[in-house]
Amino acid sequence: MALPVALQLYSVRDDFAADMEGTLKKVKEMGYDGVEFAGLNGKSPAEIKAACEAVGLVPISAHVPIDELVAKPEETVKTYADIGCKYIAVPYVIEERRPGASKFEETVEDIKMIGALANKYGMTLLYHNHDFEFVKIDGEYGLDLLYKKVPAELLQTELDTCWVNVGGENPSNYVIKYTGRAPVVHLKDFSGEKSDDMYELIGIKKDAPKRPSGFEFRPFGFGLQNAPNILDASVKAGASWVVVEQDQPSMGKTPLECAKLSRDYLKLLGW
């Protein structure tokens, strides 16, 4: 059984910003079924919805910064409901908001509020992890602590399988762990080893010693991930969608070429 496949548009963000309609058309032609947003580039919900409908892509989800959601909760949630998104994902939290930090309890309450509002508009709130949630707090991963503190009806998982792996866990096992709470799984591949400065790869500047690691994001199926196992786990866990994401291009390819390599690989597996 194959699940529908979406592309996180952050993967092709410059193309999307320069030519929304043209980029969506190319994504559809690659064989993607849907898209996940990471910003709307000043376009209205109506424009975004119409552009997706024109090419036959499902606007499945969106990554929305938690501070944006907290600042204007109803307005922001309604924006994505008007586009037709079924999910909203908190994509990242700053250090103070992380498990064990000073504003973690505030974050938990914010997420409960946003989750309830998402439900009001017929959507589900997700949390998209990195690897810092795999720091243990009193013997328990921060990520597990978050999902323990917020009930499943207010928060589901969007497990990023690359960061689960980098965080030291088996991504397939972790997806299975959240069976019934994993409607969307991020397919992300990589090569090399973790380094102190790797967050610069996703645009977050961090003053840390640099050491050669060879770490780079890869098209799905072209790195160290056990891709077939992750796909099998996604099905077994009851996922509704898988989403390809590649933060930075690699292998001498453009972002769109990388997105196509990922989709072509999935097609080889019958997806």
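Throughout, a residue's number is its position along its own chain's written sequence, starting from 1. Given that the model is predicted, a residue must reach a pLDDT of at least 70 before its local features are reported, and side-chain atom pairs must reach 80 or more before they are shown or counted; all residues, however, enter totals for whole chains, interfaces and linings. Values shown for side chains rest on all heavy atoms present in the structure; no hydrogens or waters enter the calculation.

Enquirer: Teacher, can you tell me more about empty space enclosed by the protein here?
Expert: Whether a set of points on the 1 Å grid over the protein atoms alone is a cavity depends on a 1.4 Å probe fitting there but being unable to get out, while an open set qualifies as a pocket with protein on both sides within 12 Å along at least five of seven lines; lining residues are those with an atom within 4 Å of a point. Grid points are joined across faces, edges and corners, and a volume is the space filled by probe spheres set on the points. With the rule as written, the count across this model stands at one cavity of 30 Å³ or more. Together, Val93, Arg97, Arg98, Pro99, Phe104, Thr107, Ile111, Tyr127 and Leu146 line the largest cavity. The element contributing the most residues to the lining of the largest cavity is helix 6 (residues 104–120), with three residues. Of the residues contributing to the lining of the largest cavity, the split by class is six nonpolar, one polar and two charged. Secondary structure elements follow DSSP: runs of H or I of four or more residues count as helices, runs of E of two or more count as strands, with numbering from the N terminus. All amino acids are sorted into three groups, where Ala, Val, Leu, Ile, Met, Phe, Trp, Tyr, Cys and Pro are nonpolar, Asp, Glu, Lys and Arg are charged, and the leftover types, Gly among them, are polar.

Enquirer: Please explain helix 7 (residues 142–149) as it appears in this structure.
Expert: Since the α-helix advances by 3.6 residues per turn, residues separated by three or four positions end up pointing in the same direction. Counting buried positions along helix 7 yields six of eight residues, so the element is predominantly enclosed. Classification of residues uses two cut-offs on accessible area relative to the type maximum, computed with a 1.4 Å probe and protein chains only: under 20% is buried, over 50% is exposed, and between them is partly exposed. The complete set of buried residues in helix 7 reads Gly142, Leu143, Asp144, Leu145, Leu146 and Tyr147.

Enquirer: Please clarify how the pairing of strand 3 (residues 58–63) should be interpreted in this entry.
Expert: Every regular strand shows the same layout, with side chains that alternate between the two sheet faces. With respect to burial, strand 3 is a largely interior element, five of its six residues being buried. If DSSP finds at least two bridges between two strands, the strands pair. Bridge analysis of strand 2 (residues 34–37) against strand 3 gives four bridges, and the strand direction is parallel. The partner of valine 35 across the bridge, within strand 3, is proline 59. The handedness of the strand 2 to strand 3 crossover, carried by helix 3 (residues 45–55), is right-handed. Strand direction decides the pairing type here: strand 3 and strand 4 (residues 87–90), joined by three bridges, are parallel. Bridge pairing links alanine 62 to isoleucine 88 in strand 4. Classification remark: right-handed applies to a crossover when, strands pointing away from the viewer, the course from the first strand over the helix to the second runs clockwise.

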